[in-house]
Every structure is written in C-alpha cells, then in structure tokens.
Amino acid sequence: MRKKGFPLLFSAAAIGLALVASSAVAAEKPETVNIGYQKANIFALLKYRGTLDEDFKKQGIKVRWVEFPAGPQMLEGLNVGSIDLAATGDAPPTFAQAAQADLVYLGHSPANPKTEAIVVPENSPIKTVADLKGKRVALNKGSDVNYLLVSALENAGLSYKEITPVYLPPSDARAAFQRGSVDAWVIWDPFYAEVEAHANARLIKDAEGLVPHYTFYLASRKFADHYPDTAKQVVDELATLSTWANSHPDDAAKILSQSTGLEQAIWSRALARMPFGAERMTAEVFTQQQALADKFTQIGLLPVKVDVRSATWSQDAALKK
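Here the residue index of a chain counts from 1 through its sequence in written order. The predicted nature of this model means local features are confined to residues of pLDDT at least 70 and side-chain atom pairs, given and counted, to a pLDDT of 80 or more, with totals for whole chains, interfaces and linings taken over all residues. Excluding hydrogens and water, the side-chain figures rest on all heavy atoms present in the structure.

An unreviewed UniProt entry lists the protein under the name Putative aliphatic sulfonates-binding protein, from Chimaeribacter arupi. UniProt positions are given in the numbering used here, feature names are shortened, and annotations may be inferred rather than shown by experiment. Per its UniProt entry, the protein bears the Sequence similarities (unreviewed entry) comment "Belongs to the bacterial solute-binding protein SsuA/TauA family."

Pasting the structure below:
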C-alpha cells in the first residue's frame with residue numbers, strides 16, 4: 001500500500017512545487033523601471049505627480065525617468081534597451097517596427113482627433129483643405145499629423161503630391177508660420193492651442209471624422225514578457241491617473257505648464273479637448289493602426305510594409321512563457 005501511495009504523494013509534491021515556481025515567475029519584479037517621457041505627454045504628468053514612484057518604492061522598485069524630445073528618439077531608446085516603457089502618438093511605433101524594433105502595444109488612450117489640426121494665418125485666403133493645392137504646408141515628417149494631412153487631402157480629392165510639404169519640427173514650424181514662410185501648418189496640442197491663442201491661427205480642419213489619433217503605451221517585448229505584472233501595473237497606474245486628470249483639469253494643466261514652460265491657460269485650452277485614459281488594445285484599434293502604416297508605405301514614408309499586429313502582447317500569454 002505504501003508503494004502504491006508514494007507516486008501519488010510525489011505527484012502532489014511536484015504539482016505543488018510547479019505552482020510555487022509559477023507564482024515566483026509571475027511575481028518577479030525588476031529592480032528598476034526605465035520610462036521614457038516627453039514634457040508634454042501623460043508620462044510627464046505621471047512623473048510629476050509621483051504616484052507611480054511611491055507605489056513602486058513600496059515594492060522595492062526604482063523608477064528612472066528619461067526625457068526625450070520626440071517619439072522617434074524615444075522608441076529608438078526602447079529598441080536599444082535604454083528604456084523599458086514609452087508613450088507616443090500613432091505614427092512613431094510604425095516607423096520603429098519598420099526598423100525592426102521589438103516593441104509591444106500595452107494599451108492606448110481614448111481617440112482624441114480634436115487635438116491635431118490644419119491651421120492657417122487668420123487673414124489667409126485658404127478656406128478649405130481643397131485650397132491647399134499648390135501650397136506650402138509645414139509639418140513634422142512621419143508624425144501623427146502627417147497621417148492627418150494625407151487623409152484630409154485625399155478626402156478633399158487631392159493627393160499628397162499636390163501640395164509642397166515643408167518638414168519642420170514644431171519650434172521651427174511655429175517661426176515659419178509666424179513669418180508667413182508657409183501657407184499652412186499641421187500641428188498637435190499643446191502647440192495647436194498656443195498658436196490659436198498667440199498667433200490667431202484659424203482652423204481649416206481637425207482630425208475629427210478622418211483619423212482617430214491615439215496615444216499608445218508601449219514596452220520592449222523583453223521587458224513586457226519578463227515582467228508582465230509590472231507592465232500591467234504601469235498601464236493600471238495610467239488609468240488611475242487619467243481618472244484624476246479628467247476630473248481635475250486645472251491641476252493637470254498646472255503640472256503640465258510647469259513641465260513644459262507653456263502658460264497654464266494654454267494647457268487648459270488643450271486639455272479641454274484631450275481626454276486621458278488607458279484602455280486595452282482591441283482588434284479595431286489594431287486595424288486603424290494598420291491603416292496608418294499601410295498609408296505611409298503607400299506614399300513612401302515607410303520603406304517596408306509593417307505588420308502592426310506582430311507587436312500584440314497580453315499579460316496572460318507572457319505569464320505562460
């Protein structure tokens with residue numbers, strides 16, 4: 001009887017050890033989480049509020065914040081391993097994927113199409129997108145607003161080749177717009193709000209009805225697969241932060257004003273059309289992101305076709321590895 005029972009006891013012990021090992025893997029945490037941020041995005045808000053640092057400190061995790069001037073540079077940092085997590089707009093992840101960056105989509109913000117727009121000087125004769133034919137249009141190459149411009153032109157019966165794109169970063173584009181060196185500018189908040197307030201920019205078309213415009217929360221696949229609980233916690237913290245920011249816009253505007261040096265009134269204007277949030281990726285959002293990537297490939301901005309869904313990730317799948 002003892003011999004017959006021994007295999008059963010051994011089997012139960014083995015199962016128990018396996019469960020303990022599985023729990024240990026699931027509970028594994030990094031010593032440091034390296035987060036890339038820009039002065040004007042949601043991670044900057046999370047940084048300056050300090051809630052993530054406090055929560056991670058209780059778990060023995062240190063947060064290292066690394067500032068970047070723009071999304072493409074941030075995702076290059078993600079690719080080479082200098083950061084683990086980042087938040088960018090729609091376009092940078094597709095360029096990173098085209099460059100073979102092994103990143104994953106953790107989640108996204110609500111669509112916020114009213115936060116990017118095509119604007120012209122107040123006294124410009126340009127009244128509609130169709131009037132941009134033959135005109136000089138300033139924009140940041142390969143950015144989210146590049147997709148807005150292409151979509152708006154096509155909706156108006158024009159091709160990208162029928163305008164003259166002038167590729168400039170926001171600071172240079174702002175100066176060119178003020179001087180009259182360009183006929184129109186395609187820009188996003190808070191720069192959009194600033195030029196409305198201080199340069200009397202007139203709206204021609206925002207992204208409403210054309211492109212959804214999201215902020216995506218991204219991680220290196222290596223980090224997300226090795227520390228899935230930590231990756232999920234960051235997204236959960238962003239969701240909690242978003243609830244706070246949406247109900248305390250003045251406080252959020254004050255923090256972002258301090259971060260960027262822009263007036264609080266500018267941020268209040270921008271936040272009025274900028275809903276915060278952190279939602280899980282869905283098939284619909286991946287389809288929308290694939291449409292952006294395909295359009296950039298079609299017009300020659302992306303050198304290769306990108307499979308956006310190859311950057312799919314889930315916590316459950318990571319825990320099973």
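## Some points on the packing of aromatic side chains
Each Phe, Tyr or Trp ring, with Trp reduced to its six-membered ring, pairs with another whose centre is within 6.5 Å; inter-plane angles below 30 degrees give stacked pairs, above 60 give edge-to-face pairs, and intermediate values give tilted ones. Counting across every chain of the model gives 10 aromatic pairs. Considering the side-chain rings of F95 and F296, the 5.6 Å spacing of their centres and the 55° angle between planes classify their relative orientation as tilted. A residue pair is termed long-range when its members are at least 10 positions apart, and F95 in helix α5 (residues 91-98) and F296 in helix α13 (residues 283-298) qualify at 201 residues. Any residue under 20% of the maximum accessible area for its type is buried, any over 50% is exposed, and the rest in between are partly exposed; the area is computed with a 1.4 Å probe on protein chains only. Classification of F296 by relative accessible area gives buried; the value is 0%. Through successive ring pairs, a cluster of aromatic residues spans Y105, Y214, F216 and F286. Counting from the N terminus, the helices are the DSSP runs of H or I reaching at least four residues and the strands are the DSSP runs of E reaching at least two.

## A closer look at the packing of helix α6 (residues 144-155) against α13
Two elements in contact, α6 and α13, have axes separated by 11 Å at closest approach and are oriented at 80°. On the basis of the axis angle, α6 is roughly perpendicular to α13. In contact with N146, Y147, V150 and E154 of α6, α13 contributes Q288, A291, L292, K295, F296 and Q298. Angles shown run from 0 to 180 degrees and are taken between the N-to-C directions of axes, each axis being a line fitted to C-alpha atoms and, for helices, limited to the stretch in contact. Note that the term roughly parallel is reserved for angles under 35 degrees, roughly antiparallel for angles over 145, roughly perpendicular for angles of 65 to 115, and oblique for everything else. Here, two residues are considered to be in contact whenever any of their heavy atoms come within 4.5 Å of each other.

## Focus: the nonpolar core
Among buried residues, the Ala, Val, Leu, Ile, Met, Phe, Trp, Tyr and Cys ones that are joined through side-chain atoms within 4.5 Å form a nonpolar core. L103, Y105, I118, L132, L149, L153 and V186 are the most contacted members of the largest nonpolar core, which totals 49 residues. The element best represented in this core is α6, accounting for 7 residues. Either an automatic procedure or a domain database provided the assignment from which the domain bounds are taken. Residue-level mapping places this core at the junction of two domains, with at least three residues from each of domain 1 (32-111 + 214-319) and domain 2 (116-206). If sequence neighbours within four positions are ignored, L132 has contacts with I118, I126, V137, L149, L153, E162, I163 and A184. By size, the runner-up hydrophobic cluster in this structure holds 41 residues, among which are F56, I61, I255 and A270.

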